[in-house]
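The chain contents come next:
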Amino acid sequence: MEEAKRPKKTKDNSVSNVCKALCIQFCPEICNPEKNKKKLVELLLQHENSELDLILFPEMALSGYDLKTIEVVDSQAEEAGKGVAFSFFSEIARKFKAYVFAGFPEKPGPKFYNSMYCLDREGKSIMTYRKTFLYEVDKPFYAEGDGFKTFELTTLAGKVLKASPIICMDLNPKDFGDFEKFEFANYAKDNNVDLIIFCANWLKSNPNLKDDPKEVLNLVNYFLIRLHPLLDTKKK
């Protein structure tokens with residue numbers, strides 16, 4: 001995979017007034033990081049000449065999400081900044097000169113976390129975000145993170161955006177409790193977040209159904225509902 005070219009500057013020294021994002025959502029094979037890396041490289045090659053601000057990969061992008069036992073989780077987990085996933089995604093950030101966000105199982109010590117690498121354009125860690133609200137599949141294995149976070153990123157156009165990374169269930173009310181609560185959306189609103197980095201491994205509501213655009217649209221509409229406090233604001 002060749003290194004992506006730097007975008008050409010216009011006379012006003014800008015490329016665009018928007019954030020250019022590439023979202024790669026695929027179905028990783030459980031416990032087969034090498035095969036998953038090859039698949040991701042194939043998908044990335046379709047965009048090797050793209051001018052990008054960020055690339056977003058799924059939750060548990062190389063390991064797969066539904067790891068059935070603690071032993072399997074342990075075999076796939078890594079200490080942040082030191083494992084196979086970090087090396088792979090760090091290289092992608094450098095190749096594309098883009099921010100990269102990718103989920104992985106983290107093992108900083110005796111506990112495990114469902115985490116997300118947040119890497120800058122040089123492949124260096126901005127932060128490792130840990131999932132705050134755990135889904136039922138997470139709870140037997142992973143500890144809760146210590147809350148929502150923000151950081152700043154700069155677009156190719158030179159615009160500084162305040163970003164907040166979250167992982168799938170974080171957009172829901174904690175433990176699917178009170179659906180009138182919008183914990184993350186209110187956090188984003190209160191903290192003037194410009195950009196939400198939403199990393200997820202989407203599960204089909206009905207595994208027997210083939211890929212259905214209507215099902216996907218229903219899920220996207222649900223996510224939008226969960227962002228209602230942000231949509232109901234005068235801030236553009």
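Thresholds applied
- Residues numbered from 1 in each chain as written.
- Predicted model: local features only at pLDDT ≥ 70, side-chain atom pairs only at ≥ 80, totals over all residues.
- Heavy atoms only, no water.
- Axes fitted to C-alpha atoms, helices over the stretch in contact; angles between N-to-C directions.
- Helix = DSSP H or I, 4+ residues; strand = E, 2+ residues; numbered from the N terminus.
- Parallel < 35°, antiparallel > 145°, perpendicular 65-115°, else oblique.
- Contact = heavy atoms within 4.5 Å.
- Nonpolar A, V, L, I, M, F, W, Y, C, P; charged D, E, K, R; others polar.
- Buried < 20%, exposed > 50% of the residue type's maximum accessible area, 1.4 Å probe, protein only.
- Pairing = 2+ DSSP bridges.
- Lys, Arg positive; Asp, Glu negative; His and termini not counted.
- Salt bridge = Lys/Arg side-chain N within 4 Å of Asp/Glu carboxyl O.
- Polar contact = N/O pair within 3.5 Å; in protein donor to acceptor, adjacent residues only side chain to side chain.

As a further point, take the packing of helix α1 (residues 33–45) against helix α3 (residues 84–96). The contact between α1 and α3 brings their axes to 12 Å, and the two run at 10°. The orientation of α1 relative to α3 falls into the category roughly parallel. Taken together, the residues of α3 that come into contact with α1 (itself represented by Lys37, Leu40, Val41 and Leu44) are Val84, Phe88, Phe89, Ile92 and Phe96. Taken together, the residues that form the contact of α1 with α3 break down as 8 nonpolar, no polar and 1 charged.

We now examine the pairing of strand β4 (residues 113–119). Extensive coverage of β4 is indicated by the burial of 7 of its 7 residues. The two faces of β4 match: Tyr113, Ser115, Tyr117 and Leu119 on one face and Asn114, Met116 and Cys118 on the other face are all buried. Bridging between strand β3 (residues 99–106) and β4 involves 7 bridges; their strand directions are antiparallel. Considered in β4, the bridge of proline 105 is made with asparagine 114. Two successive antiparallel strands, β3 and β4, enclose a turn made up of 6 residues. Of the strand pairs in this sheet, β4 and strand β5 (residues 125–130) are connected by 5 bridges, and their pairing is antiparallel. Bridge pairing in β5 places cysteine 118 opposite methionine 127.

With that out of the way, let us pick up the side chain of arginine 226. On the secondary structure map, arginine 226 appears in helix α5 (residues 213–226). Of the buried charged residues, arginine 226 lacks a salt bridge, with glutamate 183 as the closest side chain of opposite charge at 4.2 Å. A distance of 3.2 Å separates the side chain of arginine 226 from the backbone oxygen of phenylalanine 179, its partner in a polar contact. Here lysine 181 takes part through its backbone oxygen, which lies 2.6 Å from a polar atom of the side chain of arginine 226. Setting aside its immediate chain neighbours within four residues, arginine 226 contacts Leu171, Asn172, Pro173, Phe179, Lys181, Phe182, Glu183 and Ala185.

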